Amino acid sequence: MKLQFTALAGALLIANFAHAHHSFAPHYDASKKVDITGVVTEFEQRNPHAYVHIRATDADGRVAEWRCESHGYTQLERNGLSPDMLKPGTELRITGSAHRRVANECFFDMVYYPDGRAVSVNGPRGAEQAAPPQIAQRDTMFGVWMLQPTNRPTSGPQFMTDFLTDAAKAAMDKYDPFTMDPTYRCEPVAIRRGWFAPGTPMAIKQDGNNIVIQHEWMDIKRVVHMNEAAAPASTAETTLGYSRGRMEGDTLVIETDHYKPGVLNQFVDIPGKPTTALLNTNQLRTVERITFDKAANRIKLALEQSDSGYYTRDFPLSEAEYAPSQLEIKPFGCIPEQLK
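This one's a predicted model, so the numbers in the text were calculated from it and none came from an experiment.

**Student:** Looking at this structure, I do not really get the overall build of the chain. What am I missing?
**Tutor:** What the chain contains, in helices and strands, is 4 helices and 18 strands. Looking at the chain residue by residue over its 340 residues, the buried ones come to 49%. For the chain, the proportion of contacts with a sequence separation of at least 24, taken over those separated by at least 6, is 62%. When the accessible surface of the chain is totalled, it reaches about 16,600 Å², and 51% of it is carbon and sulfur.

Below, the structure is given as structure tokens:
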């Protein structure tokens, strides 16, 4: 077995802390590639991120123990990398990106096997990509759907940071993604993060007089109370709020309030710097418009957000499209990570 570790200029600071449930950029450097060949000693089969441990020996006989992260195991399995393919004793080679601070940690994106198999954690691409299954024409918005890829940025400056109140700036300065981000604790997340979670299905279902919106990611499940004028007086504030819906022609309009203060989304303003977030107060209000486009066999989302407690203007309209899917929504089973 051999270890190849290229383009790692300078010493990496060793910091022993958990860093799951995060954006890629602050923790891994895509310009510093790793190429590791060895034997799997452990596979941490978990969501939202899975980890493979590899024992590698370099040409001089020195042994290195690596711990490398990728997508959650549910997404890996759907993309062709099952837990059996990463079980202890498996010989393989992985390539990916080096951790910015922690020695012998990485994010892997390709897995190669001695028999010639090569598996991308993002699924087959190009000529290797299988033809998509034929999906029957839908007649309504009810069913399972998958977010369609876009060029929506997940890092870099955020438009709304130019419209923060003083209270929002003070809250952002204190933000710690390891203690304040609900995904780190496997708790419910803001509805926007559910809608825009890539690589996992979501579903819209009828439940008696109400509608249920379910996202596989983080086991998000919301009840939309149809044709209610207002939330009951005793309604508590929660991360997902209280949703009331009505039909306007072919469009489901959902108004949600009674949010508790939380995290709208995380982002990395400058690569290599700590993750920060856009936060919300209990003044957050959202309006979702979900339209079924029969001609395109898609559902289309338009999401409005406002929060006068932290922002001096409303958020820009967020839009997305979802294609029908034959996938079954599986329990996500998020496992919280502990600081070490």
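Past the structure itself, the notes keep going.
**Student:** Looking at this structure, how should I read the state of the cysteines?
**Tutor:** When the sulfur atoms of two cysteines share a covalent bond, that bond is a disulfide. Inspection of the entire model under this criterion finds 2 disulfides. At a sulfur-sulfur separation of 2.0 Å, the disulfide partner of Cys-68 is Cys-106. Disulfide Cys-68-Cys-106: the torsion about the S-S bond is 115°, which places it as right-handed. Taken together, the residues span a long stretch of sequence, with Cys-68 in strand S4 (residues 63-71) and Cys-106 in strand S6 (residues 105-112) at a distance of 38 residues. By relative accessible area, which is 0% here, Cys-68 ends up buried. What pairs with Cys-186 in a disulfide is Cys-334, and their sulfur atoms sit 2.0 Å apart. On the sign convention where negative is left-handed, the bridge of Cys-186 and Cys-334, at about -65° about the S-S bond, is left-handed.

**Student:** Before we go on, may I ask you to explain the sheet that holds strand S16 (residues 285-293) in this structure?
**Tutor:** The strands making up a sheet associate through hydrogen bonds between their backbones, and the pairing can be parallel or antiparallel. In space, the 9 strands of this closed barrel follow the order S8-S9-S10-S11-S12-S13-S16-S17-S18, with mixed pairing throughout. Strand-to-strand twist across the sheet, computed as the mean angle between neighbouring axes with direction ignored, equals 30°. Where strand S13 (residues 251-257) meets S16, 6 bridges bridge the pair, whose relative direction is antiparallel. By the bridge assignment, Thr-256 is partnered in S16 with Thr-286.

**Student:** Please explain the environment of Asp-269 as it appears in this structure.
**Tutor:** Here Asp-269 lies in the loop between strand S14 (262-267) and strand S15 (276-280). Each C-alpha atom of the pair Asp-269 and Pro-157 lies 5.0 Å from the other, and the pair is 112 residues apart in sequence. Asp-269 has contacts with Gly-156 and Pro-157, leaving out every residue within four places of it along the chain.

**Student:** What's the story with the nonpolar core in this structure? I'm lost.
**Tutor:** Nonpolar side chains tend toward joint burial in soluble globular proteins. In terms of nonpolar packing, the biggest core is built from 47 residues, with Trp-195, Met-202, Leu-279, Ile-290, Ile-299, Tyr-311 and Tyr-322 touching the most fellow members. In this structure, Trp-195 is in contact with Leu-147, Met-202, Ile-213, His-215, Arg-222, Glu-288, Ile-290, Leu-301 and Tyr-322, ignoring residues within four places of it in sequence.

**Student:** What should I look at first to understand the side chain of Asn-297 in this one?
**Tutor:** For Asn-297, the location among the structural elements is in the loop between S16 and strand S17 (298-306). Judged by relative accessible area, Asn-297 falls into the buried class, the value being 9%. Among the polar contacts made by the side chain of Asn-297, one reaches the side chain of Gln-137 at a distance of 3.3 Å.

**Student:** Could you clarify how one ought to interpret the confidence of the model for the chain in this entry?
**Tutor:** Reading fine detail from the predicted coordinates is not recommended where pLDDT is low. Of the residues in the chain, 86% have a pLDDT of 70 or more, and the chain-wide mean is 87. Contacts for the low-pLDDT stretch residues 1-22, under 50 throughout, to residues beyond four places or in other chains number 83 contacts.

**Student:** What exactly am I supposed to notice about the pairing of strand S11 (residues 220-226) here?
**Tutor:** Residues in a regular strand point their side chains to alternate faces of the sheet. With respect to burial, S11 is a largely interior element, 5 of its 7 residues being buried. In this structure, S11 lies alongside strand S12 (residues 242-248), joined through 3 bridges in parallel fashion. Paired with His-225 across the bridge in S12 is Arg-244.

Criteria and cut-off values
- Residues numbered from 1 in each chain as written.
- Predicted model: local features only at pLDDT ≥ 70, side-chain atom pairs only at ≥ 80, totals over all residues.
- Heavy atoms only, no water.
- Helix = DSSP H or I, 4+ residues; strand = E, 2+ residues; numbered from the N terminus.
- Buried < 20%, exposed > 50% of the residue type's maximum accessible area, 1.4 Å probe, protein only.
- Contact = heavy atoms within 4.5 Å.
- Areas by Shrake-Rupley, 256 points an atom, 1.4 Å probe, with all protein chains shown as cover.
- Disulfide = S-S within 2.5 Å.
- Pairing = 2+ DSSP bridges.
- Axes fitted to C-alpha atoms, helices over the stretch in contact; angles between N-to-C directions.
- Core = buried A, V, L, I, M, F, W, Y, C linked by side-chain atoms within 4.5 Å.
- Polar contact = N/O pair within 3.5 Å; in protein donor to acceptor, adjacent residues only side chain to side chain.
- pLDDT = per-residue confidence, 0-100.

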